[in-house]
Amino acid sequence: MDSTLACLAAWMPRQRWYAAKGRPPSLRLVSWWDLVPDRTGGHDGARVRTFLVADEGALPAVLYQIPVVERATETVDTAPEHIIGSPEPGSTFIDGPFDDAYAQALLSLVERGGVADGPQTTATGHPAPAAGPAGRLRVARVVSGEQSNTSLIYEGDGIPVICKVYRQLHAGLNPDIELQEALAATGSARVPTPIGWIEGSWPDLSTAHGAVHGSLAFAQEFLPGVEDAWRVALLAAARGKDFRAQAYALGAATADVHRGLAGCFPTHAATAADRDATAAAWERRLAIAIAEVPDLAAQRDAIETVYRRAMDVPWPPLQRIHGDYHLGQVLHAPGRGWVLVDFEGEPLRPMGERVQPDLALRDVAGMLRSFDYVAGSLRLDEPDRSPEAVRDWAGAARAAFVDGYGATAGTDLDPRHPLLAALELDKAVYEAIYEARNRPTWVAIPLSAVARLVERPAPVG
């Protein structure tokens, strides 16, 4: 296996889902399992194997799922960017999602159940109870631009399906599966219909003995011909088109999902420990941000003042939430309205934190920041555009979103509420860290928001 690990180690740093940018992996093979390819699909001679490899150069170690199709080199007809390499003369590894042998075997395991066994590892398919057979489907494409996962879209003579393969693995049921399955079971039209998922077990990296269970892939209804709310909003802003009605409906849809989640999962009153943990997380994130974005240092006292105000007001009950909510996580489906997707939670938060009850206002704050990003991205792309016009567009959309949310949630929500203001500010601080690491030319967007949020007056009364 040394040649396989060497091959993977050379290829992984070039992938968007690899977490440790700028550092070569230090890999250990944890286990693997094989899937049986569809022999009727012309895949004779192909071996479909999924490797689980731990990158022990990271602290804690990161476990990656790497599906591979091995073919005889002379038979390979794949784009060079999807070829992993040749661990042995005469054989070539292909990134699994970009080869039909893996794609069809994956969908079969999801829809029909069954077990794929490997050394110390098991992968088990779970068809969703409410989903019927999808029919004979073919792979249309692999979704581009994702960070931590790889999604395949299947279309053909049945319900279109999108299947997300989790590249970084964590113990426990992924909230993406858990929350959407629970909402769909209530009959909610605010999430796509689940088709099924794959769970696995593998050796516990933290204890070096025993096994843990976690999610490997999730398939759900694919909504073809729809655009996400980011594109819809960006186009409206670029044309100067009023977006208040759409934003109001989006606020209502968000509150509807929150109400559904509160009915599906336990809630509890915010305790002193909850408040302390949230305050500590804010301070920890701010310290990281100041270290990586020195321009924030001058705002530290003002930021901490906003955080302290949030500790002096009553908090609503904590519940399960989306956790990484922005315009890119919502689809607009004709005749159905806004549909929410990708319930995994904030990528930089540990999985153990993402599945805990949280403040629903965190999702509201995330969407408010997303409207601000529409305005900020337009100013970056079109420097001659009137800053007042895009700022007014974003302000109107933000206000309408909050009104729609409050009307459905049954609360008179003020965007200047101290807790919502603190959550929005914390989100802007997080964005400053993200942009400094990934898109330095965009860091001005969250920095401008921080300056605005710390100066915003408190609500009257």
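Going by the structure above, here's the rest.
As the structure is a prediction and not an experimental result, all values here were calculated from the model.

Participant: Would you take a moment to explain the overall build of the protein for this structure?
Facilitator: A count of helices and strands for the protein gives 12 helices and 16 strands. Against the compact-globule benchmark of 23 Å for 461 residues, the protein has a radius of gyration of 23 Å, which places it among compact chains. Along the first, second and third principal axes, the C-alpha set of the protein runs to 70 × 50 × 45 Å. Taken over 461 residues, the protein has a buried fraction of 51%. Excluding contacts between residues fewer than 6 apart, the proportion of contacts in the protein whose partners are at least 24 apart in sequence is 68%. Summed over all atoms, the accessible surface of the protein reaches about 19,900 Å², with 54% contributed by carbon and sulfur.

Participant: Whenever I open this one, the sheet that holds strand 16 (residues 337-340) confuses me. Can you help?
Facilitator: What links the strands of a sheet is backbone hydrogen bonding, and the strands pair in either a parallel or an antiparallel sense. The 3 strands lie next to each other as 14-15-16, forming an open sheet whose pairing is antiparallel. The open sheet terminates on both sides in strands that have one partner only, identified here as strand 14 (227-228) and strand 16. Bridge count for strand 14 against strand 15 (residues 330-333) is 2 bridges, and the pairing is antiparallel. The residue of strand 15 that forms the bridge with Glu227 is His332.

Participant: Mind showing me how you'd approach empty space enclosed by the protein here?
Facilitator: Left-over empty space is what a probe sized like a water molecule reveals as it rolls over the atoms. The final tally for this structure, using the stated rule, is 5 cavities of 30 Å³ or more. Around the second largest cavity, the lining comprises 13 residues; the ones closest to its centre are Gly323, Glu346, Arg362, Gly366 and Lys427. Residue assignment for the lining of the second largest cavity shows that the elements contributing at least two residues are helix 9 (361-381) and helix 11 (418-438). In terms of residue class, the lining of the second largest cavity is made up of 4 nonpolar, 2 polar and 7 charged.

Participant: I keep staring at helix 12 (residues 444-455) and nothing clicks. Help me out?
Facilitator: The α-helix winds at 3.6 residues per turn, so residues separated by three or four positions along the chain end up facing the same way. Taking 1.5 Å of rise per residue, the 12 residues of helix 12 would be expected to cover 16 Å, and the 17 Å separating its terminal C-alpha atoms lies within 8% of that figure. As for helix 12, its buried residues are in contact with helix 7 (300-310), helix 9 and helix 11.

Conventions we followed
- Residues numbered from 1 in each chain as written.
- Predicted model: local features only at pLDDT ≥ 70, side-chain atom pairs only at ≥ 80, totals over all residues.
- Heavy atoms only, no water.
- Helix = DSSP H or I, 4+ residues; strand = E, 2+ residues; numbered from the N terminus.
- Rg over C-alpha atoms; globule rule 2.2 N^0.38 Å.
- Buried < 20%, exposed > 50% of the residue type's maximum accessible area, 1.4 Å probe, protein only.
- Contact = heavy atoms within 4.5 Å.
- Areas by Shrake-Rupley, 256 points an atom, 1.4 Å probe, with all protein chains shown as cover.
- Pairing = 2+ DSSP bridges.
- 1 Å grid on protein atoms, 1.4 Å probe; cavity = no way out; pocket = protein on both sides within 12 Å on 5 of 7 lines; lining within 4 Å.
- Points joined across faces, edges and corners; volume = space filled by probe spheres on them.
- Nonpolar A, V, L, I, M, F, W, Y, C, P; charged D, E, K, R; others polar.
- Expected span 1.5 Å × (residues − 1).

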